Structure formats: structure tokens, C-alpha cells
Amino acid sequence: MNKLRRFIGTCSIVTYSAIILVPITLAIHRLVTVAGFNPELWVNSLSQNFISAGVTNFTIVQAIASTIATIVVGLPIAWALGRYKWRREALYRSILTLPFVIPSIIAAMGILSIVGAHGINIRTNESTWWWTLVLSHAWFNMALFIRFCEPLLSSMDPVLEEQLRLLPNGRTRLSRIKNLWLPLLMPSVVAAASMTFVFSFTSFALVKWITVGNNTLESMMADVSSSAGIVGYMESSSDIVLGASMIQFSILLVSLWLASVIQHKHRAILTHSRPDHSKRTNLYGLFILIPALLFALAPLISVLVGSFRIRNSDPMMGDFTWGFGGWQAAVNGGFSFPPLTDGIFNSLGYAFFTLLIALPLGSTMAMSIYDLEKIKPRLGRLLDVFTMLPFALSAAMIGLGVLIGIIKINPSAAYQFWALPALAHIMLTTPFVVRIMLPALRSYDRKFDETAKVLGVKPIDRLLKIKLPLLKGPMVISSVFILAMSLGEFGASFVVARNTDWITLPLLIDSWRGKPMKDPFAAPASNAIASVLMVMTLILFMVAEKFRNNREGGMF
Amino acid sequence: MNQNKTKTKLKPSLKILSLALMITLTPFSGCLSADDSDSNDSLDDGEIVIVTYDVYALTDEMISTFENDSGLAVRMLKLDDAGSVLDYLIQNKGNSNVDLAIGLDNTYLPTAIEFDLLTEISADKTMMQDSQSNSGMSPLDPYDGPLATPFDMGYICLNYDTSVVDGENLSLPTSLWDLTEPEWNGKVAFPSPVSSSPGRAFMLATLDYFDWSQNMTEFKDWWSAMAENDAIITSGWTEAYETHYSGGYGVWNEGHVGDAHMTVSYCHSPGVEAFYGENSTKSSALDLPKTSFFQVEYAAAVRGGNSDYAHQFIQYLISPEVNSKMPIENLMYSVLADEDLPTDNGYRYHSLIPGEPSSVSNDAIRENMETWLQEWNSAVTSGE
């Protein structure tokens, strides 16, 4: 490892540590100054305050139910894609994995349109809200099961099943499931289920809009965050935020650790075959594929359709009319809301700012871990775990860290520093870059580099002509992921940017939707903005799909 | 020998680490200390920064007229509600960029004053209403000092759906205790006083109703009984009125449930319903002694901001051409003398002026609000 490389690596680790630890430490310090250091009291405060009572139970129960629902929905789809032959398979896979990259606020708008008065009209029955939320989480996370399980299913050598059929333990379908498929799929299912649990546990926009009046720990923290950390004013807010963060951090950490351990311990090493050899034609698969495609596309189509549907104030004229009023309202803005272009420019600005910092930072961090793994494996492992820290912190907590952390340093900075919300986005996206780049670096064949070195190729040429072209795919995917995540980020932005006038598209959607519904343009305008964000995300998704190696598995 | 070896080993690492620290932390240095010269520059930059929530009176037209007349540019930070405005001011105390806060009401103002968030200005309040005016309301009653200027007002009280509370399906309550009866189980929606200003105002009304100065027991017992009677407690007014209340315009809302036949809103909310509903409404305000609370909303210059800019905007906000439009633009009473709600479409007719509103002094609010919120919280959470 040469000096320059060590220097860059150290720079990236110091920067990353500063970005993550400084705001969070300042925020915790400020909260503890108000609440005192008493973790038991923090946790107890959750049941003692009306705003937080029952929130932990609600969060855990809905996350478990959502995980089960996602397994029920996602596994058959992964099976149909992995085991059966389809024409236009790549297109189907793209459609079915699309929900995962769609910002949750768009999903919320689409699902509200489906269950609302002009859809299946079940919204007036409050008892349906919880189930709607669970199904929404299944919609959002089913892609995880496809990503984790489908590569394995599609490359499983059919000879294995044929051989098992001849054995006493493989004669019945049930016994083959028990003795072959279950052990084979379990690590991938557990990994996907853990990630589904994590995403459902930290759900914000979907909970905020679908189960109105109920909160997850994440959305509740965002609600009370504005009054947290103030001595002599609403002091219980600080206890609540600390208690909720502690519970959330512990549960997320255990979930991520569990997923990692099971995946490593139970990784099956079996003979693989090419997908065209493993797969067979089975038209019964259409019974899974067609409803799955409709399920994946319905909320997205609803968003677009809903942007043109305007409720009539006069019932004599019918329930609604079609028109561009919502789009007009969104584009023009008004006394309450900035125009759509402001949201687009701010969101794009934050996304590119985040890209500018998170991509080099995450990539150099990944390189440092990769280098350390060879000379100091323990330190490398430690750094690897450290980069995952934001996964276990909620977006709201990160937003809170940025906001009250920076305010503690300099109150004016929170107002003057346009890029402040991007700091939260950097914290949230950098770990994803590390997770994408690290496996790519590990699989990078160093022989190319060594051969070039022997041939006398300069280091800069080796980097530009050999390494970067080979790592182009993961870098493009990382970039797209950063842009998409930043564009759709809601939790941290809700905490940070709602106190500024640099509104982002997801916040603009939320604001329009929160407008009293007496305004017939409130819902279509929010859908119109959601449609714009959806198209931006779709473009990014299509770029990423071009570069993605489907056989790798995993989230990305 | 070993020592030398260690030295030569550590040296480059430390050098690299120090250099890395220097380079990476330099960009943050701008955030680490408040630059006073910058802050002072921002005071006279020709831009007034207003922190507010969705105050409908601040229309595009009204803002651009002010910009043209004053030569100042207006920049607004829109927050969720009055509570968020106060939270923002406290969290950002020392931030010299914000000049004016619009939307704090008399339930939040005492806290803002206690935290020393506001600065004095001398707004002209001579043309404001007094208790002899048509509405019988005096906006200067709750607070008449130089730290805040009233710009709109109204009474908070219980609203009920007359199509259900008709004496047959549900009887009209004659005491707050009636609402704890089984017939009202799950049928009353309250915005939480922790996060909503109408909710806070109603909590203050109940404190007076149950004579908090004697003891808090009855206040707590009633709220506990309401919680046990499955009262719907929402985080904000919007959710209570638009989602749960069966008598209001929430029926237009996609997510309208309509399970509550009584909720907390303004005494003139039925008037607003009628005004927009061609003189027709099924909502009415309950005139029960000491269950309503007089709410005044204020505009106030923020300490550290440009008080001259704030003064100019406040004068504009309380000028007849802007403030007389409050009933239409902001759905609240104007604070000006000789102004009342319009009679069109039954707006005035359906708006109740309560006979015996409750009264809690600003001093009492400032001293006790934290304790009262805690008492309310323990009452509805554990029933203790």
C-alpha cells in the first residue's frame, strides 16, 4: 500500500467519522443535557407519554406482520422468475424489483389513490388501514426476495432435485421442500426477511399517510424532534427521542447481525448451472406472474392517473372531472408552497452534492477496508462494521443529529448552509456505496494490475485504463443508488429541511397532501409532483439495470 | 533499537493522520463559529425573513404588495403549526437571520416571552377592537405589551354534528361530564394539547372549567374518564376535524372516517362551513359555560433579527386593507374595531360568540404550562 493511498484512505476514514460522529455526538450530548443520563428512564418515558405510548408495540408488530406478508408475496414471485422460463424476463424482473427504488412517499400517494374514494373505496373503514400498511410494506420490499432468492433458484442444477427424487427423503414434494429447497433458500430468505423487517421497522412516509394517528418509532421521533433538546421546555421530548433511538438502534443492530451471521454460516455450496439449463416452461407460473406485475404497477399507475383526477366541489357535476388543474397548481405553487421547479432544483442539487461527496468517500472507504483486510484483517473487519453504523441509526435520528448538532455549533449555519440536508443524505448513502464497491473490489482480479505493473504501465494509467473500467459497473450503480436515495429521502429531510425554505420533492408532495382537502387540487397536485419524482427515479433505475449483474444477488 | 523502530513506524502514520485531519476538517471550520460580521450584514440585507405556519392570510398578492410598497424582499419559512413556530424560535435562538414570527397564539406567547425570544416594537394598536365592539372580543386582553401584536382572533370551542346530536341519537351535553357517558364512547375527537394550539386552548378551557386553582383532581379525572371512554386524541386539529369529525367538510377528504360527532374547533367554524356551503351546515358550536377559550394570534419581532423590517410588516398586517380581509382570507376574526364576520351565506349567523368563555391569565400559563401538559399526559396515558 503506497503512501498516497494510505493518506487518501486515512482522509476518507476521518471525514466519514466526522460526518457520522460529530452531529450524532452533539445531538446526543444536547439531549442528555436535558434528559440526564438514565437509559431506564428514557425507555420508560415511551410508555408514560401519550405521544409515544404503544408506539414500540405498533412498530414491532407491524414490522413482523409486514415481513411475513412480504415472504408470502415475494417468495412465489422469486420462484416464478427463478424456476420458469419467460420471454422478456429482464423486463418482468425490472418491473417487479422497481418498487424497492421508488421513494416511499410516492408509494404512499399511489396506495392512497387505490384505497380511496375513487379506487376500491375502503379508506373510510379505519380497520383496513393497518392491513393496507402491511401490504404496502410487502409491495415495497418484495424486490428483496427477488434479489436475494432468484439468482440462487435460477442457477440451481436440476440434477440435484432429480437425484433427490430417487432417495427416500425426496419422493414427495413436501419432503423435497423440506430437505432441499428450505435449507438451500434459508440463508437468502433470512437475509431478505431481516432487511424487510428493518425497512418496515423504520417505515415513515407510508405510516404517516396510511395509518394516520399511529406512529412507528421513526415517525414519532420525527414528530417530537422539533421540541427535543431544550432545557425547560417540553423536556419529555428528549427522553422520548433517546428512549426510541436506543430501542431502535438495538433492534436494528440485532436484525442486521442475525442476517449477516445466518447468511455466512448457512451458505450452501452446491453445483450451479446456467439459468437456461435450470429453468423450464410452466404456464401455471402466469397465475403468479400476472397478479405480481399488476400488484407492482398498480400504485405507480394510480399516482399518474390521480394527478389528472380533480374532485368536483359541486356534487351535481359528478364526483370528479379530468384535467390538468393539479399539474398547474403544482407547477405554479402558491402562497403555501413553492413551485415544482424549486423542488426539482433543490432535490437535484442535494442529490448531486451527495453524489459528489458520497461516491468518492464510499469508494475510498471500501478500498481502505479492502487493503486493511489483507494486512490487518481485524481492523478491516472493524472498519467494515463501522461503515454500517448508519444502517442501525434511523433516518430521523440522523436528521435530528444534523439539525440539533449543527444548531449547537452555530444556529445561523442551519439557516444559511443550503447543503445542510445533503449532509444527512451523505450519512445515509455512503454505507450503501461501501456495500456495493467492497464486493466488487474483492472480486477484482489483481493479476491485471500486477501484469500491467510488470509491463511498466504507470500507476495513473493502471488506474484509468484498467481498474476504473473494470469497476465502472459498480460505480455507476453506486451513483444511481446515491441519486435515487437522495431524491426520494424523506425521514431525515422531514426533520432537517422542513425548517428551511429549501424544500425537496418528497417534502413538497407531503405538504400538498397535508393541505386541507377542501382544496380539490391538493391530492392531484401531490400526485403530479409524485409523478415527476417517479419518472426521475425510473430513469435512474433503467440506467442501473443496464449495469447490474443479476447473478450477484443482494439488495443492489 | 526497538524504540527507534517504533518511532520510525509511528511517525508517518501520525503525519498522515494529522494532515488528513487538517484537510478534512477545514471545510467544517465555517460552521464552528458564528461570524458576527456576516450576521450583522444579514440584518440590513433588504430581505425580511418570516417564520410562520400555514397562515392563509399571507397570500401571494398580499406579499407582493408589501414587497412593492416597502422595497423589501420577503422570504418565508413555513412550519407545521404554532407549536412548530415556537419550537423553531427556541431551537434557533441566536440565529440572526429570522426577523419576524407570525402565528404564535396566546397559549404559546408566554413561553416565547419567558425564553426571551422576542424583541420590542411599537406597533400602532389604537384601531384595535375592545370589549365594546360588535364581536365583544378584545384582542389586547390576553396581552397588550410591545413584544407581540395581535393580527387575528377567535374562540375555540366544542363543535358538534347536529344531524347526530339531535336529542334522539345523541343528546346535547349540558356538562363536560356528560361526554364521559357510554353514549359518547369513541365519539369525541380532541387534538392533543402537546402538539396542537386549538388542543392546547381547549385544555386551558377545561382547567378553568374544573377550577384548577382549587385543585387539579377533577381536571385529571375528567381527562382520564374521557380517555377511558375511548375519546379520539389526534396529534393536530386537521386530523381531528377532517378525518374524524362527521359534521365538517372532512367528508370531502379521501380518508374521512367520520366516527366523531363532536370535536374541538373554532366557535365560528360552523359559520365557515356555511359560508362555503351555500348557507348550509350541519355543524354547530356548543355554548357551554367555560368550555371555550379566547385565542389571539400574534406577529412578533424576533430577537436578533431586524426589528425595523418586522415593524414594517406588522403595520402592514394590521392595516385595514389587509386585516379587514381576515374572515375571508384567514377564516378568523379581524382585530380591527368595527370589523366583524361577513353576513354572506350565513357566515356570521352560524358563528357563536360564547356566553361565558373560560379565562386563564398569561402569567398562569407561563408558570404552569409545562406542569399542566404533564398532568394532562399522565391523565390520558395511565388514567392516574
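This structure is a prediction, so every number in the text was calculated from the model and none was measured.

1. Considering the overall build of chain A
Part 1 of the argument: Across its full length, chain A holds 26 helices and two strands.
Part 2 of the argument: The globule rule puts the C-alpha radius of gyration for 556 residues at 24 Å, and the 24 Å found for chain A is close to it.
Part 3 of the argument: The dimensions of chain A, computed from C-alpha atoms along their principal axes, are 65 × 60 × 45 Å.
Part 4 of the argument: For chain A, the proportion of its 556 residues judged to be buried stands at 51%.
Part 5 of the argument: Long-range pairs, those at least 24 residues apart, make up 81% of the contacts in chain A between residues at least 6 apart in sequence.

2. Overview of the overall build of chain B
Part 1 of the argument: Secondary structure assignment for chain B yields 14 helices and 10 strands.
Part 2 of the argument: Expressed as a percentage of the 384 residues in chain B, the buried residues total 52%.
Part 3 of the argument: Expressed as a percentage of contacts within chain B between residues at least 6 apart in sequence, the contacts between residues at least 24 apart total 77%.

3. Re the environment of Leu-77 of chain B
Part 1 of the argument: Residue position: Leu-77 of chain B is located in strand E2 (residues 73-78).
Part 2 of the argument: Through-space distance from the C-alpha of Leu-77 of chain B to that of Glu-321 of chain B is 24 Å; in sequence the pair is 244 residues apart.

4. Here's the deal with the environment of Val-241 of chain A
Residue and element names in this part refer to chain A.
Part 1 of the argument: Structurally, Val-241 can be placed in helix H11 (residues 236-265).
Part 2 of the argument: Classification of Val-241 as buried rests on a count of 31 C-beta atoms within 10 Å.
Part 3 of the argument: Among all residues touching Val-241, those that are not within four sequence positions of it are Leu-31, Met-221, Val-224, Ser-225, Ala-228 and Leu-400.

5. Regarding the domain arrangement of chain B
Residue and element names in this part refer to chain B.
Part 1 of the argument: Each domain of chain B was delimited in the assignment, giving domain 1 (3-14 + 155-293 + 363-375) and domain 2 (24-153 + 296-340).
Part 2 of the argument: Breaking the side of domain 1 that touches domain 2 down by element, the ones donating at least two residues are helix H7 (197-209) and helix H14 (362-382).
Part 3 of the argument: In terms of residues, the side of domain 1 that touches domain 2 owes the most to one element, H7, which gives four residues.
Part 4 of the argument: Residue composition of the side of domain 1 that touches domain 2, grouped by class: five nonpolar, four polar and two charged.

6. Some points on the nonpolar core
Part 1 of the argument: Formed by 270 residues in total, the largest nonpolar core has its most connected members in Cys-149 and Ile-529 of chain A together with Leu-104 of chain B.
Part 2 of the argument: With 16 residues, the top contributor of residues to this core is helix H6 (residues 129-154) of chain A.
Part 3 of the argument: Of the residues that make up this core, three or more belong to each of domain 1 (3-14 + 155-293 + 363-375) and domain 2 (24-153 + 296-340) of chain B.

7. A word on helix H5 (residues 82-91) of chain B
Part 1 of the argument: In terms of burial, H5 of chain B is largely enclosed, as 10 of its 10 residues are buried.
Part 2 of the argument: Here H5 of chain B has its buried residues at Ala-82, Gly-83, Ser-84, Val-85, Leu-86, Asp-87, Tyr-88, Leu-89, Ile-90 and Gln-91 of chain B.

8. A word on the confidence of the model for chain B
All names here are of chain B.
Part 1 of the argument: Of all residues in chain B, 86% have pLDDT values of 70 or greater, and the mean over the chain is 85.
Part 2 of the argument: Every residue in residues 1-10 scores below 50 in pLDDT, and together they form zero contacts with partners more than four places removed in sequence or on other chains.
Part 3 of the argument: Low confidence marks residues 23-41, where pLDDT is under 50. Its contacts with residues over four positions away, or in another chain, come to 20 contacts.
Part 4 of the argument: Predicted as a complex, the structure gets a pTM of 0.84 and an ipTM equal to 0.80.

9. Re the pairing of strand E5 (residues 188-191) of chain B
Looking along a regular strand, one sees side chains alternate from face to face of the sheet.
Residues and elements named next belong to chain B.
Part 1 of the argument: Across the two faces of E5 the burial is the same, with Val-188 and Phe-190 and Ala-189 and Pro-191 all buried.
Part 2 of the argument: Taken together, the two bridges between E5 and strand E7 (residues 262-266) define a ladder with parallel strand orientation. Its bridge partner being in E7, Ala-189 is matched across the sheet by Thr-263.
Part 3 of the argument: Where E5 and strand E6 (residues 232-234) come together, three bridges link them in parallel fashion. Bridging across to E6, Phe-190 finds its partner in Ile-233.

10. Quick notes on unusual backbone geometry
Residue and element names in this part refer to chain B.
Part 1 of the argument: Despite not being glycine, Asp-338 shows a phi value in the positive range, around 65°.
Part 2 of the argument: With respect to the element layout, Asp-338 can be found in the loop between strand E10 (333-334) and H14.
Part 3 of the argument: What makes Asp-338 exposed here is the crowd of 11 C-beta atoms within 10 Å.
Part 4 of the argument: Phi at Asn-345 is positive, roughly 55°, even though this residue is not glycine.
Part 5 of the argument: Within the fold, Asn-345 resides in the loop between E10 and H14.
Part 6 of the argument: A count of 19 C-beta atoms within 10 Å places Asn-345 in the partly exposed class.

11. With respect to the packing of helix H3 (residues 55-83) of chain A against helix H13 (residues 286-306) of chain A
If you want to describe how two helices pack, look at the angle between their axes and the distance between the axes.
Residues and elements named next belong to chain A.
Part 1 of the argument: Two numbers describe how H3 lies on H13: the axes approach to 9 Å, and their chain directions differ by 120°. The angle between H3 and H13 falls in the class oblique. For H3 against H13, the interelement crossing comes out left-handed. Every residue of H13 that contacts H3 at Pro-76, Ile-77 and Ala-80 is listed here: Ile-288, Leu-289 and Ala-292.
Part 2 of the argument: Taken together, the residues that form the contact of H3 with H13 break down as six nonpolar, no polar and no charged.

12. Describing the pairing of strand E9 (residues 293-301) of chain B
Residues and elements named next belong to chain B.
Part 1 of the argument: Counted residue by residue, E9 has nine buried out of nine residues, so it is predominantly covered.
Part 2 of the argument: Note that strand E3 (residues 100-105) and E9 share five bridges and pair antiparallel. Pairing of Ala-101 across the sheet is with Ala-300, part of E9.
Part 3 of the argument: Two elements, strand E4 (residues 149-161) and E9, share seven bridges in a ladder whose sense is antiparallel. Pairing of Asp-152 across the sheet is with Glu-297, part of E9.

13. Brief notes about the packing of helix H1 (residues 3-35) of chain A against helix H15 (residues 340-375) of chain A
Residues and elements named next belong to chain A.
Part 1 of the argument: Contact pair H1 / H15: the axes reach a minimum separation of 9 Å and the direction vectors enclose 120°. Classified by the interaxial angle, the pair formed by H1 and H15 is oblique. In the crossing of H1 with H15, the sense of the turn from one axis to the other is left-handed. Residue-level inspection shows Ile-8, Gly-9, Ser-12, Ile-13, Thr-15 and Tyr-16 of H1 in contact with H15, the latter providing Leu-361, Thr-364, Met-365, Met-367, Ser-368 and Asp-371.
Part 2 of the argument: Residues of the contact of H1 with H15, tallied by class, amount to six nonpolar, five polar and one charged.

14. Some words on the environment of Ala-228 of chain A
All names here are of chain A.
Part 1 of the argument: Considering the arrangement of structural elements, one finds Ala-228 in the loop between helix H10 (217-224) and H11.
Part 2 of the argument: Through-space distance from the C-alpha of Ala-228 to that of Ile-404 is 8.6 Å; in sequence the pair is 176 residues apart.
Part 3 of the argument: Dropping the residues within four chain positions of it, Ala-228 is found in contact with Leu-31, Ser-237, Ser-238, Val-241, Leu-400 and Ile-404.

About the cut-offs
- Residues numbered from 1 in each chain as written.
- Chains lettered and ligands numbered in written order.
- Predicted model: local features only at pLDDT ≥ 70, side-chain atom pairs only at ≥ 80, totals over all residues.
- Helix = DSSP H or I, 4+ residues; strand = E, 2+ residues; numbered from the N terminus.
- Rg over C-alpha atoms; globule rule 2.2 N^0.38 Å.
- Buried ≥ 20, exposed ≤ 12 C-beta atoms within 10 Å, placed from the backbone.
- Contact = placed C-beta atoms within 7 Å.
- Domains from an automatic or database assignment.
- Nonpolar A, V, L, I, M, F, W, Y, C, P; charged D, E, K, R; others polar.
- Core = buried A, V, L, I, M, F, W, Y, C linked by C-beta atoms within 7 Å.
- pLDDT = per-residue confidence, 0-100.
- Pairing = 2+ DSSP bridges.
- Axes fitted to C-alpha atoms, helices over the stretch in contact; angles between N-to-C directions.
- Parallel < 35°, antiparallel > 145°, perpendicular 65-115°, else oblique.
- Left-handed = near helix turned anticlockwise from the far one by under 90°.

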